[in-house]
Amino acid sequence: MSAIYFASGDSNAKVEYQTISSTITQLSQEQSERLHDRISKAQLEKLHECFKAMPNQVVGISDLRRILEDMEITFSDFTYTRLFLKINQNRDFMVDWNEFVSYLIFGFQEEDPSSQKEALILPISTAPTVRKTEHRSAVCCLALLKVKSDQTPLEDITETTNYSFGGEDSPENSGMWVTASHEGQLRFWSAHMEPLRSAVSESIHLKVPTWILALQALSDVSIVCTSSTERELRFHETIASTFTLRMVIRSLPYAVYCMSYAFYNNGKTHSKLILGDYAGNVRILSYSPYLRGPFQAKPGAALVELVWADVLRGRIPLLVPREYINLHNELISCVYYSLHMNTLFASAEYRNTKKYRGRCPGLIMVSNDDRNNFRIPLGVTVFYVSEIKNILVTGGPDTFVRIWDVYISSEPSAILTGHNGGIVAVFVQPEENKVYSVDYHKIIKVWDLEEHTLLQTYGDLVRIIHHSETDIKYYYHSHLRELMVAGRKLISIKCCPRVRVDLTDGNTHAAPVSVVLYNRLFRNIVTCGLDSYIIVWDPWSGRRKIIMKNCHTKMIYGETIDIEITAACFDPLEQFLLTGARDGSLKIWNYNNAVVVRNMSIMPDQEVTAVIWVVDRILAMGWDRQVTEFNDVEGREYGDPKKWSKFHTDDITCADVKLGEGVVTATYSGEIIFWKLETGQPYRRYNVMDPKRFIELKLSRDEEKQSRRSKRMSSFAMVSRLSRLTSMIAKPDEIKDYGANIPVSVQAVLFLQKRPMTKDHGSVFISLDTGYIQVYSHHQHGGILSQFYAVHKLGDCVLTMATDRKNRFLYTGTAFGYVKVWHIVNYCIPEAEKTHVCMPRLRLEFIFLRKELFLPRAKRILRNQPEPMLVSSYKGHLKAINSIGFINLPKIIFTGSHDYSCRLWTQGGRYLGTLGTVLPWSKLTPFERAGEDNRGYRLPPDIKKVASSTTLKVISGIQYSSTLKHAKTTEEREDDRDVEDTTTNDLKTMFDKPLKEPILGKHFALPGRSAIEQRIELDTTQLYIPVYTHLRVYPSEMMENLPTPPIISQVKAENYLNHYMPVEGKVDPNTSAINIREPQPQARSRAGAAGSTQQVKPRKTGKAKLGSKSSKSEF
């Protein structure tokens, strides 16, 4: 129990406050401390009168409770004390009316859903993908062969999610891009811009080159339609990588300038192809997509060719035309048909202001026979209709983006200004409430759809596309959330991409998380990152409550630059937050309303690495190599800070405090100094290289020179030297062998608050970059007591440490992303105070302690290190863990990492979730222990791909049992034979005939066992087991070549020209270029010389005639 006295009318009054982690161990149920849910308007007015009636219009802790109880608003003692501390923002323990009303407003702000939807990163934050189009000229048309339609019936619309499982990126779900150039060349691309094939669309009658004007993909029937200056519509079939001309409609009244297509995925509604021409007319071709409608392949009709007049007369019954003549007086710039509203939208540009006098119908909406005109000066170039939001977004030459209600055409609901050129493309992301617009100068602007504010201006297209290219085509892929830009190049820009939950659970910050703190008063988690963000989270619901951006900034050449937050802590009552940045600035925040209470600074451009807030004082340490003390007393907080004596010769990396006793600071060069908290004077000084050597508290000449030119060297060489000593516990004096010229830096320090100040109690844990943790006593006559190896991988080290309220466990986070839990109850304390450890109870909580068939690496490296006992080890992040903390009552570990995430774990190692995830959050409570239910726990997707068997076992909470095979007794063998006989009979009954021996055939035999037993003894003294050194490799021998059969040798020696017979009179064997010889007769016997030399005489007739019986028999 803590008691805090305050100045008021009653000098004996005092406030007693408790937190979850202080003295309360069990609470039956959670009681809400929010007043805005329980106070009515009449009660609020009565409260205001009570405040006015009090002296100085302020009330104390007892007065406020009495007033609330008079209005039948009651709280328990514990809950009311917490409520009063939340209301008392001035820390004077007197509440005025402004403080009371501000607390009510904060309660409503926590329920505001806008804080949940605010993005941490810009909508377009990734680099675009660029590749050449491989066209001879610039791309004039761009279309997408979709897998599913953008339009969905109302009854089929489901709630959109901001995450995907990765299947959307597959070619089966993302579709194909189609690009076309004016000369008629078409190219097909995958969704990720990989070239697939090319084709040509040309006229079948005209011999002059074609000129493509528009391109449209009819996705549900696998047709690509092109329009050209020949006033033709060509429908090409694209099934099975083909490009076959299926239908041609010629002799349209005017050439088609733009096209659009509307269809449903179910195939029950007629699909519509909308055509807009140069004369302001709109035509619609409607058909049923069942069996591909009019484009179905029929025998004997490979190509259907007709004129537009035949289409109007109904020559093709499956194709239903409809015309809207003279809908606009200028050419149609954009068309769209909404199947949901059964409405046609068509726009046109009216640049002749003298002719139309600004009363031009820029966009016309036609529903049945009703027409609505959206009158916009200079007309409309592009527009986008969102049926989900019932809005219409237009853009034109007047550089304005207008947002309309679809059913209200009199005036727009919002006008977005900021472009310096005509709008050439607009689209809406309804699930993200964002509007994207692109102007003529290739500048993309992102707007908030609800607040109508500018979110981002993206200008990288100006750098990628040459300034001479003006006719650029844009197409938004709503399924992949990508904007495709086509000209001489193909450019893909991701616009608010969905989170791939198969790869990650999401991010907590937009940059590495540097500090994570738990506030016991408000029961929330505060995260600070290198993106200069401070975010307040509700860990019990996973909801983001408050986000503060650009917390630390500085102005450089007129540009505001964000400064990384490197250190943070709470005040003693945990009402305010203190943050330190890389430029040496410090700020005190009332983080419930994002207000800066006070600004401070140490030396300029010197990073703040540690901050400590004790009663009436603030201590800040960093690269200035000294401790700076700021006053926190009312009336003296703006005085000059006090500088403690400068005894460090290098930059301070970390520090910690034990309330009422002392402060410890450590540096890059391994110096450790203990300070008196009351006076700020040092009383002990150590060096981690030689911790037993006494060091005077003054700087020698050599140390002064070293402090001026100190340059920290890399510790990796020393870590490799320490790898030989990982199998045994290094003694303190063995550090001398590391080398005096290689400094060892201190990464983290931790004070154990429950350990007394004696020379026999290890109360300070010092983490080194060698992987060791040294334990010191902060007593004046104390020193180093012990050390232990805290990592199991070469080059790893502990970057952050935390402990529970009773100092029973030590929680460490390493540079390789490992979370380790150590049992330190009996570590570095006198023998008389050591207690019995119940190992079965620890094994029930920590599955890591259960026996395994083979020792994992985390256990094998510490098998000769009895204390402290490692009770859990698992990989929690892919990158370094910068901060770790522990919530006592629910037993939750939270870690902040360099991989932009903050994750919650149970004490046993189960994964609870990532703050900021898009997935549903598992409900937690601050009054019950997390992880006691028997539900299944999943693994983080990024860890699942690299996790070891130990990590998989700890996070999932499942251990697969496996036993070694042993020799069976005679009775077990007889039982096995009985089972085999029964199984054989069952197989005979099932399959009728069993397999005959030998099953593997006669050409295979199992190798016999060697008479000499071969035992392999694995070398386990190193960090890894070199299994390859125990493998036997037999020398290779030359293979014996098999003899070649005689018949193959005879065929190989033959000449196939010997079997050709020239035709007499047509080929001259002497002068022919073919040079074919007459076949030579061969004798039956090699001994007969006469028969062998006999030749065939020339024939006088056209028929072949042999000269002798021998030649007959030979051929």
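Cut-offs and rules
Residues numbered from 1 in each chain as written. Predicted model: local features only at pLDDT ≥ 70, side-chain atom pairs only at ≥ 80, totals over all residues. Heavy atoms only, no water. Axes fitted to C-alpha atoms, helices over the stretch in contact; angles between N-to-C directions. Helix = DSSP H or I, 4+ residues; strand = E, 2+ residues; numbered from the N terminus. Parallel < 35°, antiparallel > 145°, perpendicular 65-115°, else oblique. Left-handed = near helix turned anticlockwise from the far one by under 90°. Contact = heavy atoms within 4.5 Å. Nonpolar A, V, L, I, M, F, W, Y, C, P; charged D, E, K, R; others polar. Buried < 20%, exposed > 50% of the residue type's maximum accessible area, 1.4 Å probe, protein only. Phe/Tyr/Trp six-rings, centres within 6.5 Å; stacked < 30°, edge-to-face > 60°. Pairing = 2+ DSSP bridges. Polar contact = N/O pair within 3.5 Å; in protein donor to acceptor, adjacent residues only side chain to side chain. Patch = residues over 30% accessible without salt bridge, like charges linked within 9 Å, V, L, I, M, F, W, Y side chains within 5 Å. Areas by Shrake-Rupley, 256 points an atom, 1.4 Å probe, with all protein chains shown as cover. Salt bridge = Lys/Arg side-chain N within 4 Å of Asp/Glu carboxyl O. pLDDT = per-residue confidence, 0-100.

### Digging into the packing of helix α2 (residues 61-70) against helix α3 (residues 77-87)
Then step 1. Relative to each other, α2 and α3 sit at 115°, their axes nearing to 11 Å. In terms of orientation, α2 and α3 fall into the roughly perpendicular class. Crossing hand, α2 versus α3: right-handed. Residues I61, L64, R65 and L68 of α2 form the contact with α3, whose own contacting residues are D77, Y80, F84 and I87.
Then step 2. Partitioning the contact of α2 with α3 into residue classes produces six nonpolar, no polar and two charged.

### Some details on helix α15 (residues 949-956)
Then step 1. Buried residues dominate α15, accounting for six of its eight residues.
Then step 2. Among the residues of α15, those classed as buried are T950, T951, K953, V954, I955 and S956.
Then step 3. Residues of α15 that are buried make contact with β61 (869-875), β64 (902-906), β65 (911-914) and α14 (941-944).
Then step 4. Directly after α15, the chain includes G957, whose backbone phi takes a positive value near 75°.

### Let's talk about the packing of aromatic side chains
Then step 1. Inspection of the entire model under this criterion finds 32 aromatic pairs.
Then step 2. Both rings, one in F51 and one in F100, keep their centres 5.7 Å apart while their planes meet at 45°; by these two values the pair is tilted. Within this pair, whereas F51 is found in helix α1 (residues 41-53), its partner F100 is found in helix α4 (residues 97-110), the two being separated by 49 residues in sequence. Like F51, the residue F100 is buried in the burial classification.
Then step 3. Summarising the aromatic geometry, the rings of F522 and Y591 are spaced 6.1 Å apart at their centres and angled 75° between planes, so their arrangement reads as edge-to-face.

### Considerations on the pairing of strand β42 (residues 565-570)
Then step 1. Among the six residues in β42, six count as buried, and that is most of the element.
Then step 2. Relative to strand β43 (residues 577-581), β42 is paired through five bridges, and the arrangement is antiparallel. Bridging from a neighbouring strand, C569 pairs with L578 of β43.
Then step 3. In textbook terms, the turn of a hairpin is the stretch between consecutive antiparallel strands, and for β42 and β43 this stretch comprises six residues, one of which, E574, has a positive phi near 60°.

### A few points about the side chain of R910
Then step 1. Mapped onto the elements, R910 comes out in the loop between β64 and β65.
Then step 2. A polar atom in the side chain of R910 sits 3.0 Å from the backbone oxygen of V954.
Then step 3. Apart from residues lying up to four places away in sequence, R910 is in contact with E845, I847, L904, W905, Y937, V954, I955, S956 and G957.

### Topic: the sheet that holds strand β16 (residues 271-277)
Then step 1. Strand order in the open sheet formed by four strands is β15-β16-β17-β19, and the pairing between neighbours is antiparallel. Among the strands making up the open sheet, the edge pair consists of β15 (256-262) and β19 (320-324). Taken over all neighbouring pairs, the strand axes of this sheet differ in orientation by 20° on average, direction set aside.
Then step 2. Note: β15 against β16, six bridges, orientation antiparallel. Each bridged residue has a counterpart across the sheet, and for C258 the counterpart in β16 is G276.

### Quick word on a nonpolar patch on the surface
Then step 1. Residues I1016, L1018, I1025, V1027, Y1028 and L1031 make up a contiguous nonpolar surface patch of about 620 Å² in total accessible area.
Then step 2. Mapped onto the secondary structure, I1016 falls in the loop between α16 (970-991) and α17 (1046-1053).
Then step 3. With a relative accessible area of 56%, I1016 lands in the exposed category.

### Re the confidence of the model for the protein chain
Then step 1. Mean pLDDT over the protein chain stands at 81; residues scoring 70 or higher make up 80%.
Then step 2. Within the model, pLDDT remains below 50 along residues 1071-1115, and this stretch shows 37 contacts once partners closer than five positions in the same chain are excluded.

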